[in-house]
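For reference, the chains in residue letters:
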Amino acid sequence: TMTLTGLSKEEIAKRFLLDVSNAEGQFFANTYQYHEGDTDISILQQSHRLLEETLMVSWASRDKGLPYKTAYEALIMASIIEKETGAPSERPLISKVFVNRLQKGMRLQTDPTVIYGLGERFNGNLTRKGLRSPSPYNTYLNFGLPPTPIANVGLEAIDAALHPGKTSALYFVAKGDGSHAFSNTLQDHNKAVAKYQKYHRRADYKSSPKPIDKENGK
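What you see is a predicted model; the values in this text were computed from it and never measured.

Novice: In this structure, what is going on with the overall build of the protein chain? I would like to understand it.
Specialist: For the protein chain, the helix and strand inventory stands at eight helices and two strands. Beginning at the N terminus, the succession of helices and strands in the protein chain can be written as α-α-α-α-α-α-α-β-β-α. Here the protein chain holds 218 residues, and 47% of them are scored as buried. Contacts in the protein chain between residues far apart in sequence, at least 24 positions, make up 64% of those at least 6 positions apart. Summed over all atoms, the accessible surface of the protein chain reaches about 11500 Å², with 52% contributed by carbon and sulfur.

See below:
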């Protein structure tokens, strides 16, 4: 039985008595069994409990020196990793690139957060105007993490956020097959962009983290 249809993420957060204002990211991406008579609320309550339990266990065993003050910040990072990763095996490397940027005081410059902030204004093509659009979620303009997760996540993304891989890379670009080319310097990254720019990422986003004034609007 559907009882939440048409409610905003803020209204859903109130319905579930969440301690955050936006319900985004508060439910665990998983396969659930349900029975006739179950409501969407009962299923999502189970999902939210599972998320909290999973996050707390992972948070307790997290690697040392990570740039998160709270488990919620780690959940935000996990959602970015989830949206940026085409090849599942690369989640820990994507995580480490973003951790490296945060630790160096760099902007995250990740397109999925910008797209989330644009909402219905995003038409499938992230333009220069979109990248310059002020929003709490615009990681090209703002430092640090966005204010909330941008998607629900599963265990793999949470683990990647709390146990990043080993790389000193600061940049990555899609190869076109779901995987990425990782670079330590902007010079090497620009070479990789030139090599792979004829390919297109999944339709919901692209990612080529480089200074915003060098964006070509594509």
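Additional details are given in the paragraphs that follow.
Novice: It is not clear to me how the environment of L18 should be interpreted in this structure. Could you clarify?
Specialist: Counting through the fold element by element, L18 comes out in the loop between helix 1 (9-15) and helix 2 (40-60). In this structure the C-alpha to C-alpha distance between L18 and H48, which are 30 residues apart in sequence, comes to 9.6 Å.

Novice: Looking at this structure, how should I read the packing of aromatic side chains?
Specialist: When we look at a pair of aromatic rings, we describe it by the centre distance and by the angle of the planes. According to the stated counting rule, one finds four aromatic pairs in the structure shown. Seen in terms of ring centroids, F16 and F27 are 5.4 Å apart; in terms of plane orientation they differ by 70°. Their pairing is edge-to-face. One end of the pair, F16, is in the loop between helix 1 and helix 2; the other, F27, is in the loop between helix 1 and helix 2, and 11 residues separate them in sequence. Classification of F16 by relative accessible area gives buried; the value is 13%. Its relative accessible area of 8% is what places F27 among the buried residues.

Novice: Please explain the pattern of salt bridges as it appears in this structure.
Specialist: Should their charged atoms come close, side chains of opposite charge can pair. If you walk through the whole model with that rule in mind, you get two salt bridges. E82 is paired through a salt bridge with R91; the nearest N and O atoms lie 3.5 Å apart. Taking relative accessible area as the criterion, E82 reaches 23% and is therefore assigned partly exposed.

Novice: What am I meant to see in the side chain of T110 here?
Specialist: Within the secondary structure, T110 sits in the loop between helix 4 (91-103) and helix 5 (111-118). If near-sequence neighbours (up to four positions away) are discounted, T110 is found in contact with I80, E84, F98, T139 and Y140.

Novice: Can you help me understand the side chain of N100 in this one?
Specialist: Relative to the assigned elements, N100 resides in helix 4. A distance of 2.7 Å separates polar atoms of two side chains, one belonging to N100 and the other to K96. When sequence neighbours within four positions are dropped, the list of residues in contact with N100 reads T167, S168, A169 and L170.

Novice: Would you explain the nonpolar core in this entry?
Specialist: Across soluble globular proteins, nonpolar side chains show a tendency to be buried alongside one another. Among the nonpolar cores identified, the biggest contains 31 residues, and Y68, M77, F98, I158 and L162 are the most heavily contacted of them. Going through the elements one at a time, helix 2, helix 3 (71-84), helix 4 and helix 7 (155-162) are the ones with two or more residues in this core. For this core, the leading source of residues is helix 3, giving eight residues. Apart from residues lying up to four places away in sequence, L162 is in contact with S58, W59, R62, D63, L66, Y68 and A74. Counting residues in hydrophobic clusters, the runner-up holds nine residues, among them L4, I12, A13 and V20.

About the criteria used
- Residues numbered from 1 in each chain as written.
- Predicted model: local features only at pLDDT ≥ 70, side-chain atom pairs only at ≥ 80, totals over all residues.
- Heavy atoms only, no water.
- Helix = DSSP H or I, 4+ residues; strand = E, 2+ residues; numbered from the N terminus.
- Buried < 20%, exposed > 50% of the residue type's maximum accessible area, 1.4 Å probe, protein only.
- Contact = heavy atoms within 4.5 Å.
- Areas by Shrake-Rupley, 256 points an atom, 1.4 Å probe, with all protein chains shown as cover.
- Phe/Tyr/Trp six-rings, centres within 6.5 Å; stacked < 30°, edge-to-face > 60°.
- Salt bridge = Lys/Arg side-chain N within 4 Å of Asp/Glu carboxyl O.
- Polar contact = N/O pair within 3.5 Å; in protein donor to acceptor, adjacent residues only side chain to side chain.
- Core = buried A, V, L, I, M, F, W, Y, C linked by side-chain atoms within 4.5 Å.

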